[in-house]
Amino acid sequence: AEIHAREYVTAETATRFAEHLLLNYNHDADITWLLDYYQVYILTMDNPDGRKHAETGYLWRKNTNITNGCINDSAGGTDLNRNHSFHWGGASNDPCAETYQGPQPASEPETQILQNFVLSLFADQRGEADIDAAPANTTGLLITLHSYSELVLWPWGWTDTDAPNHIQLQTLGRRLAYFTDYTPQQANELYPTTGTSDDWAYGELGIAAYTFEMGTTFFQDCASFESTIYPDNLQALMYAFKAARLPYQNPAGPRIIDLSITPTTVDPGTLVTLTAIADDNLYSTNNGREPTQVIKEARFSIDIPSWSTGALTYTIDATDGNLNSTTESLVVVIDTTNLPAGPHIIFVEAMDNDGNWGVPSAIILHVTGLIHTYIPLLVR
């Protein structure tokens, strides 16, 4: 967050996202399993010196490094989102310009720290040539938060040619933009850019990378941030967290929504009813339409996600008995006889007719420690 100093909503969103995860662990099923099985790294402030300068009232974009040749202290600094080392060199060479790219690739300490950290997390999953696609089973996702314009952007920015994984990047981009009603598009459609963090992450490592352009102004008002910008982008970030395991596969599959279980707390042996909706239509339509397919299969597992060793999965049926639509109501009755006392996470996922499994959604079922013994009443 806040690679550009004046974009206030980004640091606040990143910080609140971290707080949301921490406060809801062991309470929210999705957050609990995500933090148990995945790792999320949240950089809440990429440009702290620039932010301090912006807080004095300047519409300040860059860092505050004035050693690169600008003799005007009020216009110095380097644009950190033109300084990354992948396809660096197409932005401004003027040290006083807002989009000054720096004297050389990754010249700035902020850029070096971010790149080195991401390199420590991910292996290179893409070939050296610009036309090399990352494999379908690539893992990892990077999101950089910006403001403003109400957009979800993906590589490339440096050229109007589609990235090798354009179809998969577009699919996930449309998923993410659904939550915010932003426009999903390739970054170059906004304007050409070079040396950006998302182009670098995808270009160097092959991981899915996106820019969220949040809100409608740099110094956003609190009311709109609280009412729409933060809650909508929180949902997008949560979906991104789910998709990070297989970002080039899972977003093509159906989403599970309206997941519920009745009752939520039971004695051992009680039958519970799980219901949900599998929907393959939940994409933004602001810039084209994503192809959708009918739901072919749905399943659940208990305490272990389906892809983990030892997981057992069980079929979920359509409420009407037939899986033959792009949106399906699901129902299954679960026998809790063999479940030990304590909370249990129920994972639910669905597959479309093209064989795409969507990301899972989860719910918590509590089993008490009580076992009832029934003694017959003898009447004499």
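What counts, and where the lines are drawn
- Residues numbered from 1 in each chain as written.
- Predicted model: local features only at pLDDT ≥ 70, side-chain atom pairs only at ≥ 80, totals over all residues.
- Heavy atoms only, no water.
- Helix = DSSP H or I, 4+ residues; strand = E, 2+ residues; numbered from the N terminus.
- Buried < 20%, exposed > 50% of the residue type's maximum accessible area, 1.4 Å probe, protein only.
- Pairing = 2+ DSSP bridges.
- Expected span 1.5 Å × (residues − 1).
- Contact = heavy atoms within 4.5 Å.

A word on unusual backbone geometry
Residue Trp 156 is bonded to the preceding Pro 155 through a cis peptide linkage, with omega at 5°. Residue placement: Trp 156 occurs in the loop between β2 (151-154) and α5 (166-180). For the bond from Thr 262 to Pro 263, the omega torsion is -10°, close enough to zero to count as cis. Of note, Pro 263 is situated in the loop between β5 (255-262) and β6 (265-266). You will see that Glu 2, though not glycine, has its phi angle at about 55°, which is positive. According to the relative accessible area criterion, Glu 2 is buried, its value standing at 0%.

Things to note about the sheet that holds strand β10 (residues 317-318)
Taken in spatial order, the four strands line up as β5-β7-β11-β10 in an open sheet, and their pairing is antiparallel. Each edge of the open sheet carries a strand with a single partner, namely β5 and β10. When β5 meets strand β7 (residues 271-279), the two strands line up antiparallel, connected through six bridges. Counterpart to Ile 256 in the pairing with β7 is Ala 278.

Re helix α4 (residues 109-121)
Taking 1.5 Å per residue, 13 residues should reach 18 Å; α4 reaches 19 Å between its end C-alpha atoms and fits that length. Those residues of α4 that are buried lie in contact with β1 (141-146) and α6 (197-205).

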